[in-house]
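# Secondary and tertiary structure notes
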Amino acid sequence: MSGDRPSPLVIERILRDRQSIWQQIVAERDLNALTGRMLTSSAIALACYGAVLGFFHSPLMALTSALKLPLLFLVTLVICLPTLYLFNLVFGARLSVRQSLALVMVAITVTSMLAVAFAPISLFFLITANDYGFFKLLNVSILTLSALVGLRFLTSGMQVLNDHGLLAPDAANATVDGQASAPASVQAVPAAVPAGPTPVAAQSAEPVAVPAGAAVAESTANGAVTTATAPAQVPTQWAGQPAGASFPPGMLPPGYVAQRPWDGRAVRRGEPTQRPASMTLLYIWILLFGFVGTQLAWTLRPFFGDPGQDFSFFRSIDGNFYAEILRIIGNL
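Please read all numbers here as calculations on a predicted model, not as lab measurements. (Residues numbered from 1 in each chain as written. Predicted model: local features only at pLDDT ≥ 70, side-chain atom pairs only at ≥ 80, totals over all residues. Heavy atoms only, no water.)

Right, let's talk about helix α2 (residues 18–27) for a bit. Owing to its 3.6 residues per turn, the α-helix aligns residues three or four sequence positions apart on the same side. Those residues of α2 that fall on the buried side of the exposure criterion are S20, I21, W22, Q24, I25 and V26. Against the buried residues of α2 lie α1 (10–16), α3 (31–54), α5 (97–117) and α7 (132–163). Just downstream of α2, E28 is the residue with a positive phi angle, here 55°. (Buried < 20%, exposed > 50% of the residue type's maximum accessible area, 1.4 Å probe, protein only. Helix = DSSP H or I, 4+ residues; strand = E, 2+ residues; numbered from the N terminus. Contact = heavy atoms within 4.5 Å.)

Regions of empty space are outlined by a rolling probe, equal in size to a water molecule, passed over the atoms. In this model, the largest pocket occupies a volume close to 1000 Å³. Surrounding the largest pocket, 40 residues form its lining, V140, G293, T294, A297 and F321 being those nearest its centre. Going through the elements one at a time, α4 (59–90), α5, α7, α11 (277–300) and α12 (321–331) are the ones with two or more residues in the lining of the largest pocket. Here the residues of the lining of the largest pocket sort into 26 nonpolar, eight polar and six charged. (1 Å grid on protein atoms, 1.4 Å probe; cavity = no way out; pocket = protein on both sides within 12 Å on 5 of 7 lines; lining within 4 Å. Points joined across faces, edges and corners; volume = space filled by probe spheres on them. Nonpolar A, V, L, I, M, F, W, Y, C, P; charged D, E, K, R; others polar.)

Glancing now at the confidence of the model for the chain. Scored by pLDDT, the chain comes out at a mean of 74, with 64% of its residues at no less than 70. In the predicted structure, residues 232–240 sits below a pLDDT of 50 and forms 24 contacts with residues beyond four places in sequence or in another chain. Contacts for the low-pLDDT stretch residues 255–269, under 50 throughout, to residues beyond four places or in other chains number 36 contacts. (pLDDT = per-residue confidence, 0-100.)

Applying the stated rule across the entire model yields nine aromatic pairs. Aromatic pair F56 and F135: ring centres 5.1 Å apart, planes at 15°, arrangement stacked. Of this pair, F56 sits in the loop between α3 and α4 while F135 sits in helix α7, and the two are 79 residues apart along the sequence. Among the residues examined, F135 registers a relative accessible area of 0% and is labelled buried. Chaining the aromatic ring pairs together yields one cluster made of F56, Y132, F135 and F304. Its end group placed over the ring of F303, K68 keeps NZ or CZ at 5.3 Å from the ring centre. The ring centre of F313 lies 5.2 Å from the NZ or CZ of K68, which sits over that ring. (Phe/Tyr/Trp six-rings, centres within 6.5 Å; stacked < 30°, edge-to-face > 60°. Lys NZ or Arg CZ within 6 Å of the ring centre and 35° of its normal.)

For the rest of this paragraph, the subject is unusual backbone geometry. A cis geometry characterises the amide bond from R301 onward to P302, with omega recorded as 10°. Following the sequence through the fold, P302 ends up in the loop between α11 and α12. Of note, E28 is a non-glycine position whose phi angle comes to about 55°, a positive value. In this structure, E28 sits in the loop between α2 and α3. Accessibility expressed as a relative area gives 32% for E28, which makes it partly exposed.

Quick look at the nonpolar core now. Residues I25, L154 and W285 are the most contacted members of the largest nonpolar core, which totals 54 residues. Elements with a contribution of two residues or more to this core: α1, α2, α3, α4, α5, α6 (119–128), α7 and α11. (Core = buried A, V, L, I, M, F, W, Y, C linked by side-chain atoms within 4.5 Å.)

Set out below in structure tokens:
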């Protein structure tokens, strides 16, 4: 499905063709239109689910919950998005505000659509098991599960952006056999070599005879050149040679550059040598998003409406969300 084709069923594209969503975010192509469709779809889905929650009390509560549930997610996004964007800037990521917003909106869209998919189940228990505590716990569980799935999409999208160098622009992205360009520190050895045992030219056009244990040039991650011990047998996957090629002991193939063991493993896997700080901070931000969202939900309550109380648009701020959940579990 084309990324430029407008469709009200944006959730179908996210679930069926998520790679095109990530590529569109990477390229910053039509992000305003994509984000607008996700916002519209999420608001409609959350309004429908909020109406089901409020019907436990009255039609008027259903109407207010249909308004407040989309507001809950939107205000949480407004509060937390600047933190995510600044986290990325501080640690060198190149995400724009539009890319950050689109990523978070993917998570909210998946969450809202999954929640509305559970709406018939919630409505069934509303009709057949009219218990206030059970109904609240059921729907809190549904929203928690939906949010976890949505946030999983967020981490997947951030990982794709990391693979494209938007989270760690300077990380090594080398792969083997010339399928992708390697960092300069891996590709070649600088001409100036410090004094010491005579190194072997790394970019010789012909195999170079080197006794096992002799010193060869080695390029480190910071660009410095040191020396390393020549192996008895050179791994062919580092030499860029055809499958099955081999070199006798003490021979270095053309283009061989000695690597430290941990660098070699990363190159063979085509992965950076370490995870960027932006990915670690993403998990911290997810926890922050969850805490802000739950506290805001407690502030905007009621969503269900206690059948023993009259209708009210807001309740007084006392206690907290987590204590209320524990109380409900205790009562059940």
